[in-house]
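# What the coordinates show
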Amino acid sequence: MAIKIKFGDPDFKDRIDLLVSARQEIDTDVNDVVRKILADVRLRGDEALVEYTEKFDRLSLGHAADIKISEAEVISARVSCSNGTLEALEHAAHRIESYHEKQLPQGFDYIDNDGVRLGSRWTPISSVGLYVPGGTAAYPSSVLMSAIPAHVAGVERVVMAVPTPDGDLNPLVLAAASIAGVNEIYRVGGAQAVAAMAYGTKTINPVVKIVGPGNAYVTAAKQSLFGVVGIDMVAGPSEILVVADAQNNPDWIATDLLAQAEHDGNAQAILICENESFGDLVMNAVDEQLMELPRAEIARESWQKHGAVIIVEKLSDAVPLVDYFAPEHLELAISEPNDFAMEVSNAGAIFLGRYTPEAVGDYIAGPSHVLPTSRSAKFSSGLGVTDFLKRTSIIGCDKKSLGKIGQSAEILASEEGLNAHARSLGLRNKEI
């Protein structure tokens, strides 16, 4: 049973702190395993990938070339999908592309009052590796949510790694990759896939950045390889915080909570409400729905280990709690969601009103569903176009403009004890 915490309880803050800190997924054992895998893939390349694929995914590859999924396999997978499902993927892809096109930043170029030319130019990174989870569930939506922003940014080479346990791969994942313009697809997962995309092997050329969610081993691998490649974020298990008033249908709110809980046993679902009776109704509805949910075992573990209902005296009391949790998903199932949302600083994505369940953001709304978790929404954002772009500064001086700013620069360089810097400026200043 999830816990209930009341705003007026003397141990309220301590219990909130425990709720936040208790969910730790990456531990020493995970990091030790990951370090060995990374070193092995760097040393032995494809040979290591083949061995790890057999060990972890129970899939024996005839030779290293079989790591790559062929174009024929992609076409066959797409043909096997129903027209209705393909239309839904295309619909989602169109909305995701349209939203991210509006994120494209504009550069600038101007001459300031001292005559110095200044500017900023955006250019796409050359390649990106997308990690797409496999195993307990298939996520074609994650393909769209990662690949399409990269495509909009102008990335030329988009590589995808996806595990295929027992050789099984949902054809929708390949169909989504085809729709999103993925260039290369490899049937490899886990830390070994991240290592291969970072270091490169004979079969897989390295990329410059790796994005996408994964389990603890994938996350630890991304974290360890930051610097060898860029990464989007260090993502933890999924999470949702729902702020709801008593005018909601308890079954709706219970389903929204379970929609996150069914992802992973370490996922977290929290309800904040001002009416304890409503909170009890939601908790009862969760228990009832767990009796029939296909992924009930996973959802029950999440709800019992990390779920909570927090009772506040008034909804405005929830604002500082939201900012403290900094949730990946914030659902505002209240009468005036816009006003509440304006008070919130820390959230990966905000879902406004009773008819905007978080699930609509997972599939069709438009923004990428790859979002900051584990309170990292305090300082980071969801995946977007700028994650696939680099910003370059432009600076240009002529003799006259350097004459206006060069002496101050020379003084500052001298004060810092960087004599070559000062000399570089001083030699030119003498000619002005």
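As shown above, the structure is provided for reference.
Calculation rules
Residues numbered from 1 in each chain as written. Predicted model: local features only at pLDDT ≥ 70, side-chain atom pairs only at ≥ 80, totals over all residues. Heavy atoms only, no water. Pairing = 2+ DSSP bridges. Helix = DSSP H or I, 4+ residues; strand = E, 2+ residues; numbered from the N terminus. Salt bridge = Lys/Arg side-chain N within 4 Å of Asp/Glu carboxyl O. Buried < 20%, exposed > 50% of the residue type's maximum accessible area, 1.4 Å probe, protein only. Expected span 1.5 Å × (residues − 1). Arc of directions from axis to C-beta. Contact = heavy atoms within 4.5 Å. Polar contact = N/O pair within 3.5 Å; in protein donor to acceptor, adjacent residues only side chain to side chain.

## Details of the pairing of strand β2 (residues 108-111)
- Sheet topology places β2 next to strand β3 (residues 117-124); four bridges connect them, and they run antiparallel. Bridging across to β3, I111 finds its partner in R117.

## Focus: the pattern of salt bridges
- Evaluated as defined, the whole model comprises 17 salt bridges.
- R44 serves as the salt-bridge partner of D40, at 2.7 Å between the closest nitrogen and oxygen. Of this pair, D40 and R44 both sit in helix α2 (residues 28-44), four residues apart, roughly one helical turn.
- A salt bridge links D166 to R58; the shortest N-O distance between them is 2.8 Å. Residue D166 is located in the loop between β5 (157-161) and α7 (171-180), and its partner R58 is located in the loop between α3 (46-57) and α4 (71-80); the two are separated by 108 residues in the primary sequence.
- The class of D166 is partly exposed, set by a relative accessible area of 44%.

## With respect to helix α11 (residues 276-290)
- With 15 residues, α11 should cover 21 Å at 1.5 Å per step; its first-to-last C-alpha distance of 21 Å lies within 8% of that length.
- Of all the positions in α11, only F278, G279, V282, M283, A285, V286, Q289 and L290 are classed as buried. One face of α11 carries all of its buried residues, which in axial projection span an arc of 160 degrees. Relative to its buried face, α11 has exposed residues pointing more than 90 degrees away, namely S277 and E288.
- For α11, the secondary structure elements touched by its buried residues are β1 (3-6), β9 (239-244), α10 (250-261), β10 (268-273), α12 (296-306) and β11 (308-311).
- The opening residue of α11, the one whose side-chain oxygen lies 3.0 Å from the backbone nitrogen of S277, is N275.

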